[in-house]
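Given next are the chains, with one letter for each unit.
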Amino acid sequence: MSTGAPPIPRVELAYAPTPLLKLERLSRELGVELWVKRDDLTGLLESGNKIRKLEFLVGEAFAQRADTLITCGTLQSNCCRTVAAVAARLGLRAVLALKGAPPAEYDGNLLLDRLLGAELRYCSDAEWEKIDEVLEDLAAAVRRRGGTPYVIPESGATVAGALGYLACGEELAQQIRHGAPDFDSVVITAFSGGSQAGLLMARQLHGLRAEIVGVPIAWEAARVRDHVTSLIGQARRRYGLPVEAPAEVRLLDGYQGAGRAAVQADALRTVVSVARAEGIVLDPVYTAKAFGGLLDRLRGAPGELGRRVCFIHTGGVFSLFPFRGALGPLLAGDGLVES
Ligand SMILES: Cc1ncc(COP(=O)(O)O)c(C=O)c1O
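Residues numbered from 1 in each chain as written. Predicted model: local features only at pLDDT ≥ 70, side-chain atom pairs only at ≥ 80, totals over all residues. Heavy atoms only, no water.

J.: An account of the sheet that holds strand β4 (residues 93-99) is needed here, citing residue identities and associated values.
T.: Reading across the sheet, the four strands line up as β5-β4-β3-β6 and stay open at both edges, with parallel pairing between neighbours. Edge positions in the open sheet fall to β5 (119-123) and β6 (149-152), since each of these has one partner strand only. Each neighbouring strand pair of the sheet contributes to a mean axis angle of 20°, computed without reference to strand direction. Where β4 and β5 come together, five bridges link them in parallel fashion. Looking across to β5, one finds that K99 is bridged to C123. Of the strands in this sheet, β3 (68-74) and β6 touch helix α2 (residues 49-63), which is tilted by about 150° from β6. (Pairing = 2+ DSSP bridges. Helix = DSSP H or I, 4+ residues; strand = E, 2+ residues; numbered from the N terminus. Axes fitted to C-alpha atoms, helices over the stretch in contact; angles between N-to-C directions. Contact = heavy atoms within 4.5 Å.)

J.: Give me unusual backbone geometry: which residues, what numbers.
T.: Here the residue pair A16 and P17 is connected by a cis peptide bond, since its omega of 5° sits within 30 degrees of zero. Relative to the helices and strands, P17 is located in the segment before β1 (20-22). For L45, which is not glycine, the phi dihedral falls at a positive 75°. Overall, L45 belongs to the partly exposed group, its relative accessible area being 28%. (Buried < 20%, exposed > 50% of the residue type's maximum accessible area, 1.4 Å probe, protein only.)

J.: Help me get a handle on the packing of aromatic side chains, residues and values and all.
T.: Here the structure, examined in full by the defined rule, presents four aromatic pairs. Between the aromatic rings of F191 and W219, the centroid separation amounts to 5.3 Å while the plane-to-plane angle is 55°, which identifies the pairing as tilted. Pair noted here: F191 is in the loop between β7 (185-190) and α8 (194-206) and W219 is in the loop between β8 (211-216) and α9 (221-239), with a separation of 28 residues, a long-range link. Just as F191 is buried, W219 falls in that class too. (Phe/Tyr/Trp six-rings, centres within 6.5 Å; stacked < 30°, edge-to-face > 60°.)

J.: Describe the nonpolar core, naming the residues involved and giving the relevant values.
T.: By size, the foremost hydrophobic cluster in this structure holds 100 residues, and its most contacted members are L34, F183, V186, F291 and L294. Examining the composition of this core, we find that 11 residues originate from one element, helix α7 (residues 159-177), more than from any other. The residue makeup of this core includes at least three contributed by each of domain 1 (20-48 + 158-327) and domain 2 (49-156). By size, the runner-up hydrophobic cluster in this structure holds 12 residues, among which are I70, W128, V134 and V142. (Core = buried A, V, L, I, M, F, W, Y, C linked by side-chain atoms within 4.5 Å. Domains from an automatic or database assignment.)

J.: An account of the pairing of β4 is needed here, citing residue identities and associated values.
T.: Burial analysis of β4 places five of its seven residues in the buried class, the great majority of the element. Relative to β4, β3 runs parallel, the two being bridged by seven bridges. Looking at β4, one finds that L69 is bridged to A94. Traced from β4 through helix α4 (residues 108-115) to β5, the parallel crossover comes out right-handed. (Right-handed = clockwise from strand over helix to strand, strands pointing away.)

J.: So, the site of the ligand: which residues are in play, and what are the values?
T.: If you check the shell around the ligand, you find 15 residues, and the closest are K50, K53, S192, S195 and T314. Separating an oxygen atom of the ligand from a side-chain N or O atom of N49 is a distance of 3.2 Å. Between an oxygen atom of the ligand and a main-chain N or O atom of G194, the distance comes to 3.4 Å. Compared with its free state, where it exposes 390 Å², the ligand has 99% of that area covered by protein. For the shell around the ligand, the secondary structure elements donating two or more residues are α2, β7 and α8. For the shell around the ligand, the leading source of residues is α2, giving three residues. Both domain 1 (20-48 + 158-327) and domain 2 (49-156) contribute no fewer than three residues apiece to the shell around the ligand. (Near = heavy atom within 4 Å. Polar contact = N/O pair within 3.5 Å; in protein donor to acceptor, adjacent residues only side chain to side chain. Areas by Shrake-Rupley, 256 points an atom, 1.4 Å probe, with all protein chains shown as cover.)

J.: Kindly report on the packing of helix α10 (residues 265-278) against helix α12 (residues 324-332), identifying the contributing residues and their values.
T.: α12 packs onto α10 with a crossing angle of 55° between their chain directions and a minimal axis gap of 10 Å. In terms of axis orientation, α10 runs oblique to α12. Considering only the axes of α10 and α12, their crossing is right-handed. Residues L268, R269, V272 and R276 of α10 touch α12, and the partners they reach there are A326, L327, L330 and L331. Across the contact of α10 with α12, the residue classes tally to six nonpolar, no polar and two charged. (Parallel < 35°, antiparallel > 145°, perpendicular 65-115°, else oblique. Left-handed = near helix turned anticlockwise from the far one by under 90°. Nonpolar A, V, L, I, M, F, W, Y, C, P; charged D, E, K, R; others polar.)

J.: Tell me what's going on with the sheet that holds β1, and back it up with residues and numbers.
T.: In spatial order, the strands read β1-β2-β9-β7-β8; together these five strands make up an open sheet with mixed pairing. Since the sheet does not close on itself, it has two edges, and those belong to β1 and β8, each with one partner. Put simply, the sheet's adjacent strands are angled 25° from each other on average, direction ignored. Sheet analysis places β7 next to strand β9 (residues 308-312), joined by four bridges and oriented parallel. By the bridge assignment, V187 is partnered in β9 with F311. Each of β7, β8 and β9 is contacted by α8, which is oriented at about 175° to β8, the strand it contacts most.

J.: Can you explain the domain arrangement of the chain? Please cite residues and give values.
T.: The domain architecture assigned to the chain consists of domain 1 (20-48 + 158-327) and domain 2 (49-156). On the domain 2 side, the residues contacting the 33 residues of domain 1 number 25 residues. Between domain 1 and domain 2 the total buried area reaches about 2300 Å² when both faces are included, carbon and sulfur atoms providing 58% of it. Where domain 1 meets domain 2, there are four salt bridges. We note a salt bridge from R52 to D39, for which the minimum N-O separation is 2.7 Å. Within the residue set of the side of domain 1 that touches domain 2, elements represented by two or more residues are α7, α8 and α9. Here the side of domain 1 that touches domain 2 takes eight residues from α7, the largest share from any one element. Its residues assigned to classes, the side of domain 1 that touches domain 2 shows 13 nonpolar, 13 polar and seven charged. (Buried area = accessible area lost by both parts, 1.4 Å probe. Salt bridge = Lys/Arg side-chain N within 4 Å of Asp/Glu carboxyl O.)

Here's what the structure looks like:
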């Protein structure tokens, strides 16, 4: 990133640039050009948006000479699984604090966490309420055994993590300069809004013309906006980046449903229909909710996001498998021949 500021520690991990694909059938149906940037293909186990965040988080960890990455999330956390994969790749240790009891069998991301050799600490609801203390205790235990911990908050939602999507936005700007469509809008799933904050910074620093639009899938819009604004302010103060929080952080609000963990039939229907229309598999917790919201808006108000729209697929496919029970009935009654 050539911003004139001192270099920011970074470890290159993502397989990038990720491809841009036009969704032909959905574009025809909606009367807009709808594209997807395949950030689900960032590599190291199809790690999605988290690997871009980890480039900077691990950069910071190495600058502190850390040898153990500690983080927290749900049993099916994509971030935890990516931390486990990166730690195994780089010869570090991973310690994951997971919300919930040990399940009867490992599945999806949790299966991969175990496979990759992460240490797991299951947390009760009461412990999860004070997760910062749990993380601090885990860090203290690492120090006691002579290691150096680096703690990554849930979802990598720090200013260092947001730089991963500043890099993604820079990459997209380059793809556009090399002939990709000059998108009117770039739409991304927002849990904490960290990824959106990174893209908003890229818009200012790397000449992306597109409007950057987030789709909150769990937090209320006001909380996402506050987090985005705060991260951009921190990036200016901490790294000297010449960025300002925009007057309006644009969100497509109202698609949170009952929150992150509560996956609804709507999201699973979106997973099925997009897989069949375009051969792209979304995850039910994040991207299907956000992409479903985007499709809803494009159907209700065509033109609202311009003529060329790019959705960034931020990954998460492994969490699909534990939903096999709920997906089964959607597939069983579809009239396709099974013999
Ligand atoms: C697949 C996927 N997409 C999007 C997000 C949201 O990222 P952010 O917290 O940067 O908004 C996450 C992480 O929580 C995720 O796992």
